[in-house]
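Here's the letter readout for the chains.
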Amino acid sequence: MLNLHLCKKLSKNLLGIGKRKVYIHKNILDRSFIKSNRNSIRKLIKKKLILKRPINSVSKYRKRKRVTKVKNKNMRGFGKRKGTKNARKSQKYIWCAKIQVLRRFLKKLRYNKTNLSLKYKLIYFKIKGNIFSSKKHMIEYLKSKKIFNLEMKRLNKKIL
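Described below are features of the structure shown in this document. Owing to the predicted nature of the structure, the values given are computational and were not obtained by experimental measurement.

Definitions and limits used
Residues numbered from 1 in each chain as written. Predicted model: local features only at pLDDT ≥ 70, side-chain atom pairs only at ≥ 80, totals over all residues. Heavy atoms only, no water. Helix = DSSP H or I, 4+ residues; strand = E, 2+ residues; numbered from the N terminus. Buried < 20%, exposed > 50% of the residue type's maximum accessible area, 1.4 Å probe, protein only. Contact = heavy atoms within 4.5 Å. Expected span 1.5 Å × (residues − 1). Arc of directions from axis to C-beta. Polar contact = N/O pair within 3.5 Å; in protein donor to acceptor, adjacent residues only side chain to side chain. Axes fitted to C-alpha atoms, helices over the stretch in contact; angles between N-to-C directions. Parallel < 35°, antiparallel > 145°, perpendicular 65-115°, else oblique. Nonpolar A, V, L, I, M, F, W, Y, C, P; charged D, E, K, R; others polar. Core = buried A, V, L, I, M, F, W, Y, C linked by side-chain atoms within 4.5 Å. Left-handed = near helix turned anticlockwise from the far one by under 90°.

## A few points about the overall build of the chain
From N to C terminus, the chain includes nine helices and two strands. Across the chain, helices and strands are ordered from the amino to the carboxyl terminus as α-β-α-α-β-α-α-α-α-α-α. Taken over 160 residues, the chain has a buried fraction of 21%. Intrachain contacts of the chain at a sequence separation of at least 6 include 64% that bridge at least 24 residues.

## Concerning helix α6 (residues 91–111)
Relative to the 30 Å expected for 21 residues at 1.5 Å per residue, α6 spans 30 Å between its end C-alpha atoms, a close match to the ideal helical length. Regarding α6, the residues found buried are Ile99, Leu102, Phe105, Leu106 and Leu109. Buried residues along α6 cover an arc of 130° about the axis, so they all sit on one side. Residues of α6 that are exposed and point over 90 degrees away from its buried face: Lys92, Tyr93 and Tyr111.

## What to know about the side chain of Ser11
With respect to the helices and strands, Ser11 occurs in helix α1 (residues 4–15). For Ser11, a relative accessible area of 0% translates into the label buried. A polar side-chain atom of Ser11 sits 2.9 Å from the main-chain carbonyl oxygen of Cys7. Residues contacting Ser11, with those up to four places away along its chain left out, are Val22, Ile41 and Ile50.

## A word on the packing of α6 against helix α7 (residues 120–128)
Where α6 contacts α7, the two axes come as close as 10 Å, and the packing angle between them is 170°. The angle between α6 and α7 falls in the class roughly antiparallel. For the pair α6 and α7, the contacting residues are Trp95, Ile99, Leu102, Arg103, Leu106, Lys107 and Arg110 in the first and Tyr120, Ile123, Tyr124, Ile127 and Lys128 in the second. Class assignment of the residues belonging to the contact of α6 with α7 gives a composition of eight nonpolar, no polar and four charged.

## Side note on unusual backbone geometry
Notably, Lys73 is not glycine yet its phi reads approximately 65°, a positive angle. Tracing the sequence through the fold places Lys73 in the loop between α4 (61–71) and α5 (85–88). If you check the backbone angles, Met75 has positive phi at about 55° while not being a glycine. Relative to the elements of secondary structure, Met75 occurs in the loop between α4 and α5. Classification of Met75 by relative accessible area gives partly exposed; the value is 32%.

## What to know about the nonpolar core
Core analysis: the biggest nonpolar cluster contains 15 residues, and Leu106, Leu116, Ile123, Ile127, Phe132, Met138 and Leu142 have the highest contact counts within it. Taken together, the elements giving at least two residues each to this core come down to α6, α7 and α8 (135–144). The biggest single contributor to this core is α6, with five residues. For Met138, the residues in contact, after removing those within four places along its chain, are Leu102, Phe105, Leu106, Ile127 and Phe132. Listed in part, the 10 residues of the second largest apolar core include Leu10, Leu15, Leu44 and Ile50.

## Observations concerning the packing of α1 against helix α3 (residues 38–46)
Helix-helix packing is described using two parameters, namely the angle between the two axes and the distance between the axes. Their axes nearest at 10 Å, the elements α1 and α3 cross at an angle of 70°. Overall, the two elements α1 and α3 adopt an arrangement that is roughly perpendicular. The element α1 and its partner α3 pack so that their crossing is right-handed. For the pair α1 and α3, the contacting residues are Cys7, Leu10, Ser11, Asn13, Leu14 and Leu15 in the first and Arg38, Ile41, Arg42 and Ile45 in the second. Considering only residue class, the contact of α1 with α3 consists of six nonpolar, two polar and two charged.

Following this line, the structure appears as structure tokens:
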């Protein structure tokens, strides 16, 4: 019977891998006539009776599954959150986005030849002072102050 321990040791050196990754075929175990030297093991490797086991990589199945869930807005509950509300989406970022929308809309109104040019500065500072919570709220304010005139009805499709 072939000395398995010595056979594995020699084959791991020849293949350049660890002992666990050496696979010895069942047919070799029965043969007692094989000498345990490097040349005989080289021959067995050529005949593919001694093989390298494949390297087991970590499966990405669970990762892909988790990523699809997160994309579908699942797995975002309180248990998964590490940072504070402000760290996840800062109040400054939200503020800046809102202000940009309102200022852009105000510019459109100004350049579409409405009678807003007189009260532009006043409304601009009201935007800066956080009086309007949204674009819709601003439009309601303009309508109540009768800054939205008949011209706006014609330009309504272009602006809104």
